[in-house]
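Coordinates in review
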Amino acid sequence: MDFRNFIKNNLRLVIFIVFVVGLTLYLFIDTRFSSTPPPILPAETTELPVTEEELAETEEVPEGTDDLAVLDGEEVPTPPVETEPVEDFTSENEQKENRPSVVEDDADDIDGHQKVAENDLLALYLKEENLSIIVRDKKSGAVMYSTVEKPVQSNEKWQNFVQSAVVIEYLINTNIVYSQADMYTGEPTKDIRITDTGFEADVDYPDFEFGYTLIVSLDENKLSVEIPNESIYENSDTYKMGNVFIYPYLGYSKLDEENGFMLIPDGSGALIHLEDNQGQFKQPYSEMIYGQNVGIDESYVLSRLFNMVTTNTPHQILAPYFGLLHEDKAFGFLATVEKGDYHSWIEAYPNGAILPYNWITSKFVLRQFYNQSTSRTSGTITIRQRKQNDIDMKLNYYFVSEDDANLMGLVKQFRNYLTDSKTFVDSETQKPDNFRIRLDLIGTELETGLINNSAVSMTTFEQADEIIDAFSSAGLDQMTVVYQGWETNGYSGALGNSSYSVDSGLGGNEGLESLLNKYQDHIPIYLADDGLRFNPHLSLEVGSNVMKKFNRRVYNEAVFGKVFESFNFLEPEEAVNRLSSRMDSYDQVNNIALTGISNHLFSYLKDSVEYDRVHTSTVFEDMIAKISENKGLILDEPFMPYWQYADAMYNIPLNSSSYIFEDEQVPFISLALNGQLPLYATYSNFEPNSRDFFLRLVETAVNPSYLLTYENSSELHQTNMSWVYSSQYELYYDEIVETYKELEAVKEAIGEGFILDYQSTEGVSIVTYDNGSKVYVNFNDFDTEIDGVQLAGQSYEVVN
């Protein structure tokens, strides 16, 4: 064979082979010889109890360093995950739970629990030995247990865990592995007092010299369980409380003995079905409410290739809720973390993740560990948090039964919760949302140059006028416009400034004011502002005003941009001071699209004083409330404490993170907020399955969003916005007009109303409005019929 001819005739094949071989070698070398240890996933750092034998022996600690775990200059790994042998959960000889699911007749005693309180809806039963409770629905007789009667496939520590009302993970001196105190371990004493609505119990651990008061009460369909912060005492320097679980097994089930689901707050919401998982899932769902605490937790990146992140970040928890439903007996609950949510995790264990039980709970964190560097170059020590998080710990369980025992029943309970917490007005007086479309425009951004960075103008103010006018002329009357990168040096270059400076390359002050004035009466234009981040690469400031972690290191948010690889966070007080100063510097800013402080919460260190996330949230909330008083304000994927101040919320997720144990994603958040305030989705022009995403907009009544530029997006290739791969408005003009008109027609067909009911089965959703209109959405690729309505694949139908 003529080798040269072969190369000539198969040049593409040869290039492809060389590329694959080269890539394989690069990945092998990068993985094999990388000096960076693999990251520890969050779920692995939050595993539950370990055996006493696994407690790490620490070296003697010198005086003055009582919180140090080791002093050899080496990094201490995260406490190991418990790896006890796991049996086959599907054994035919496995003992089944024989506890009654329904108790038809009223009884003073159920399964060794004595009735202590009741109202017209619920009855509460208590077993004093371990403070276990049973909740009974008085109408249907359905019961829900809080502890396992006869644990299986468990070591002694896990048996005590599943049989206890409260479990404390405590710390011993400088040890970095949690020990467990429960209703059996540690031989606690209990002083129980029966009240009109439930009971109170003072629980003391004489050997550990700590204790607390547990308060349990009924109020209509609500069960409240609480440990007030003022009741907690710690009289020993040796033993300190770390994590607290309150009735973690309430509503548990074994394998597939109950039909139903667990609801987790992942993105839009997701369901984990109560089915036999054949032992395939080894990790639980475990996420901190309101996102990662970067002031303590270590940041990590799952995978990078050529300096680019190749994995998606899991959705943050926007609201402190979770749920559980037993469908056979039509009984379940929607739980909210009423107090202590700023330092809590939501954890859901499908069967197979350690034990053959399905259970979901909240974990309250009183103390954490963090890594403290011992030098500028290498070596770390692990330190425990010195000051306890001063939080009350309270969970509310809103029970549903019979006809309300479904997903929409849980949604209604969450709506009522938002009303009770004064987040929104009475859910019964909801107003229907008006349909709108959101268009985000990119003004300017910095790109790398041979000597200095230079600005790339993507959409000038005149071009923005042209875009808005073109869509308005096409009939898009209901638009909301967000202008990003309108300041000098663009989005990345203006972070953390103390005053606004309109970019002259876009048209300067005169051009911006002309644009705002032209549309102020009918098309609101919001100027984007990141109230949190600071760009240290363009400033000579000393880092005294940037956020420092508990380990005294400045926090660097890795963004892996083409121009700037990382940004800092400002300290909360400094962030709001600069934001306030910016708004005072330019009185033309009447509408703000705020990000940064709307969706980040952290602990931090200032002048050797540790501040927790409660303090950070209070500072941010005061500023957000102040802005909302005299300016239009929309918030970027905000946490629940800020919802009440927003005119609208944008970048609301319509899907979940798609964890392997999730069986179904559900639009829980959008259903709960329907009729309360406008919601805008993430960008439609970056969705891989545009038709499926469009159908989700129809299903949820969430408004569409597009990110646009006047110039071709290739101009952003060497900027921090290189991720914007397609945005030129001319390419999307027809699609946007078509999307707008079709969704507007859907809204007109539905009429005035808000979502009253939601059902989903086998890829078909039925959304019912309070005016009687129904929307049928078929996500399947094939045709189907439901309720006599014919639906083609990937289609919808509005029926009045």
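Bear in mind the structure is a predicted one, so any value in this text is a computation, not a measurement. (Residues numbered from 1 in each chain as written. Predicted model: local features only at pLDDT ≥ 70, side-chain atom pairs only at ≥ 80, totals over all residues. Heavy atoms only, no water.)

1. Some points on the overall build of the chain
Quick note on the threshold: Secondary structure elements are taken from DSSP: a helix is a run of H or I of four residues or more, a strand is a run of E of two residues or more, and numbering for both begins at the N terminus. Accessibility here uses a 1.4 Å probe with only protein chains present; expressed as a share of the type maximum, an area under 20% marks a residue as buried, one over 50% as exposed, and anything in between as partly exposed. Should any heavy atoms of two residues lie within 4.5 Å, those residues are counted as being in contact. We get accessible surface area from the Shrake-Rupley algorithm with a probe of 1.4 Å; when it comes to residues, only the shown protein chains can shield them.
Assigned secondary structure in the chain consists of 13 helices and 48 strands. Taking all 800 residues of the chain together, 57% fall into the buried category. Intrachain contacts of the chain at a sequence separation of at least 6 include 68% that bridge at least 24 residues. Total accessible area on the chain is roughly 34,000 Å²; 46% of this is exposed by carbon and sulfur atoms.

2. A look at empty space enclosed by the protein
Spelled out, the test is: Here a cavity denotes grid points, spaced 1 Å and computed from the protein atoms alone, that fit a 1.4 Å probe unable to get out, and a pocket denotes an open set having protein on both sides within 12 Å along at least 5 of 7 lines; residues with an atom within 4 Å of a point are the lining. Grid points are joined across faces, edges and corners, and a volume is the space filled by probe spheres set on the points. Residue polarity is assigned by list, with Asp, Glu, Lys and Arg as charged and Ala, Val, Leu, Ile, Met, Phe, Trp, Tyr, Cys and Pro as nonpolar; anything else, Gly included, falls into the polar class.
Inspection of every chain in the model, using the stated rule, returns 3 cavities of 30 Å³ or more. The calculated volume of the largest cavity comes to roughly 190 Å³. Going through the elements one at a time, α12 (690–700) and α13 (729–750) are the ones with two or more residues in the lining of the largest cavity. At 4 residues, the largest contribution of residues to the lining of the largest cavity is made by α13. Tallied by class, residues from the lining of the largest cavity come to 9 nonpolar, 4 polar and 2 charged. Considering only enclosed or pocket space, the second largest cavity measures out at about 100 Å³ in volume. G485, W486, E487, G490, Y491, A494, L495, G496, A528, D529, D530 and R582 are the residues that line the second largest cavity.

3. Looking at unusual backbone geometry
One non-glycine residue, N489, adopts positive backbone phi at about 75°. Looking at where N489 falls in the secondary structure, it is placed in the loop between β30 (479–484) and α7 (490–493). What makes N489 partly exposed here is its relative accessible area of 32%. Look at S658: it is not a glycine, yet its phi comes out positive at around 60°.

4. Quick look at helix α6 (residues 461–473)
We count it as follows: Multiplying 1.5 Å by the helix residue count minus one yields the expected span of that helix.
An ideal rise of 1.5 Å per residue puts 18 Å on 13 residues; α6 measures up with 18 Å between its terminal C-alpha atoms. Check the buried side of α6 and you find it contacts β27 (437–442), β30, α8 (508–519), β31 (525–530), β42 (703–708) and α13. G475 lies just past α6 and shows a positive phi near 105°.

5. Re the nonpolar core
Generally speaking, soluble globular proteins have nonpolar side chains that are buried together. Counted only if it meets this: Nonpolar cores are built from buried Ala, Val, Leu, Ile, Met, Phe, Trp, Tyr and Cys residues. Side-chain atoms within 4.5 Å join them into one set.
If you look at the biggest cluster of nonpolar residues, it comprises 179 residues, and the most contacted ones within it are F199, L223, Y247, F414 and W643. For this core, the element with the most residues is α13, which contributes 8 residues. In this view, F414 contacts A319, Y321, L334, T336, M640, W643, F668 and A672; residues no more than four positions away in its chain are not counted. Within the second largest apolar cluster, 23 residues are counted, among which are A123, W158, Y349 and L355.

6. Details of the pattern of salt bridges
Worth spelling out the cut-off: The rule for a salt bridge is simple: a side-chain nitrogen of Lys or Arg has to be within 4 Å of a carboxyl oxygen of Asp or Glu.
The final tally for this structure, using the stated rule, is 22 salt bridges. Salt-bridge contacts for D465 lead to K518; the nearest nitrogen and oxygen are separated by 2.9 Å. Residue D465 is located in helix α6, and its partner K518 is located in helix α8; the two are separated by 53 residues in the primary sequence. In this structure D465 comes out as partly exposed when scored by relative accessible area, which is 22%.

7. Some words on the packing of aromatic side chains
Rules: Two rings from Phe, Tyr or Trp (for Trp, the six-membered ring) form a pair when their centres sit within 6.5 Å of each other. Planes less than 30 degrees apart are called stacked, planes more than 60 degrees apart edge-to-face, and all others tilted.
Considering all chains together, one arrives at 52 aromatic pairs under this definition. Relative to Y397, the ring of F322 has its centre 6.4 Å away and its plane inclined at 80°; by these criteria the two rings are edge-to-face. With a gap of 75 residues between them, F322 in strand β20 (residues 321–326) and Y397 in strand β26 (residues 393–401) connect regions that are remote in the sequence. Ring plane angle 55° and centroid distance 5.1 Å describe the contact between F435 and Y740, whose orientation is recorded as tilted. With F435 in the loop between α5 (407–420) and β27 and Y740 in helix α13, this residue pair connects regions lying 305 residues apart in the sequence.

8. A look at the sheet that holds β27
Under the convention used in this document: At least two bridges found by DSSP between two strands is the condition for calling them paired. The axes used here are C-alpha line fits, helices contributing only the stretch in contact, and every angle between their N-to-C directions lies in the interval 0 to 180 degrees.
Taking strand neighbours around the barrel as the criterion, the 8 strands line up as β27-β30-β31-β35-β38-β39-β41-β42 in a closed arrangement whose pairing is parallel. When strand polarity is set aside, the average angle formed by the axes of neighbouring strands in this sheet is 25°. Packing against the sheet, α6 makes contact with β27, β30, β31 and β42, and its axis sits at approximately 165° to β30.

9. Topic: the packing of α6 against α8
What counts, and what does not: Roughly parallel covers angles under 35 degrees, roughly antiparallel covers those over 145, roughly perpendicular covers 65 to 115, and oblique covers all other angles. When the near helix sits turned anticlockwise from the far one by under a right angle, the crossing is termed left-handed; a clockwise turn instead gives a right-handed crossing.
Axis separation between α6 and α8 bottoms out at 9 Å; the angle between their running directions is 20°. One element, α6, and the other, α8, form an angle in the roughly parallel class. Viewed along their axes, α6 and α8 form a crossing whose handedness is left-handed. Only G508, G511, L512, L515, K518 and Y519 of α8 make contact with α6, whose side of the interface consists of F461, A464, D465, I468 and D469.

10. Topic: the sheet that holds strand β45 (residues 774–778)
Taken together, the 4 strands give an open sheet; going across it, the order is β43-β44-β45-β48, and neighbouring strands pair in antiparallel fashion. Lying at the two open borders of the sheet, with one neighbouring strand each, are β43 (755–761) and β48 (795–799). Each strand of the sheet is rotated relative to its neighbour by a mean of 15°, with strand direction disregarded. Note that strand β44 (residues 764–769) and β45 share 5 bridges and pair antiparallel. Within the sheet, the bridge partner assigned to I766 lies in β45 and is Y776. Here α13 sits on the sheet in contact with β44, β45 and β48, set at roughly 30° to β48.

11. Notes on helix α10 (residues 613–630)
Stated precisely, the cut-off is as follows: Two N or O atoms count as a polar contact when they lie within 3.5 Å, although within protein this holds only if one can serve as hydrogen donor and the other as acceptor, and sequence-adjacent residues are included solely when both atoms are side-chain atoms.
Between its terminal C-alpha atoms α10 stretches 27 Å, which fits the 26 Å expected from 18 residues at 1.5 Å a residue. Listing the buried residues of α10 in full gives R613, T616, S617, V619, F620, M623, I624, A625 and I627. Where α10 is buried, its residues contact β17 (285–288), α9 (572–585), β35 (591–595), β36 (604–606), β37 (609–611) and β38 (632–636). Measuring from the side-chain oxygen of the N-cap residue of α10 to the backbone nitrogen of V614 gives 3.2 Å; that N-cap residue is D612.

12. Things to note about the pairing of strand β29 (residues 454–457)
Pairing geometry for strand β28 (residues 444–447) and β29, over 4 bridges, is antiparallel. Bridging across to β29, E447 finds its partner in S454. What sits between the antiparallel neighbours β28 and β29 is a turn of 6 residues.

13. Details of a nonpolar patch on the surface
Quick note on the threshold: Like-charged residues within 9 Å of one another, or nonpolar side chains (Val, Leu, Ile, Met, Phe, Trp, Tyr) within 5 Å, are grouped into patches, provided each residue has over 30% relative accessible area and no salt bridge.
Together, L13, F16, I17, F19, V20, V21 and L25 make up an exposed nonpolar region whose accessible area comes to about 660 Å². Inspection of the secondary structure puts F19 in helix α2 (residues 11–33).

14. Things to note about the confidence of the model for the chain
Under the convention used in this document: Summary of the metric used: pLDDT quantifies the predictor's per-residue confidence within the range 0 to 100.
In this model, the chain carries a mean pLDDT of 88, and residues with pLDDT of at least 70 account for 86%. Note on residues 33–93: pLDDT is under 50 here. Beyond four places in sequence and across chains, it has 117 contacts.

15. So, the environment of L318
Looking at the element boundaries, L318 is found in the loop between β19 (308–309) and β20. Each C-alpha atom of the pair L318 and G267 lies 7.9 Å from the other, and the pair is 51 residues apart in sequence.

16. Quick look at the side chain of R613
This is how the line gets drawn: Charge assignment in this entry is limited to Lys and Arg as positive and Asp and Glu as negative, and neither His nor the chain termini are counted.
For R613, the position within the fold is in helix α10. One buried charge, R613, has no salt-bridge partner; the nearest side chain with opposite charge is D297, at 6.6 Å. Within polar-contact distance, the side chain of R613 engages the backbone oxygen of G291 at 3.0 Å.

17. Observations regarding the side chain of S656
Looking at the element boundaries, S656 is found in the loop between β39 (648–652) and β40 (664–665). Only 3.3 Å separates the side chain of S656 from the backbone nitrogen of S658, close enough to count as a polar contact. A polar contact of 2.8 Å, which involves the side chain of S656, links it to the side chain of E662. Once you skip the residues sitting within four places of it in the chain, S656 turns out to touch D266, G267, S268, G269, A270, H315, E662 and Q665.

18. Details of the pairing of strand β9 (residues 198–205)
Taken together, the 6 bridges between strand β8 (residues 189–194) and β9 define a ladder with antiparallel strand orientation. In the sheet register, K190 faces β9, and the bridge partner there is V203. Summarising the sheet, β9 and strand β10 (residues 210–219) pair through 8 bridges and their orientation is antiparallel. Bridge pairing links D204 to G211 in β10. Between β9 and β10, which follow one another and run antiparallel, lie 4 residues, and E209 among them has a positive phi close to 60°.

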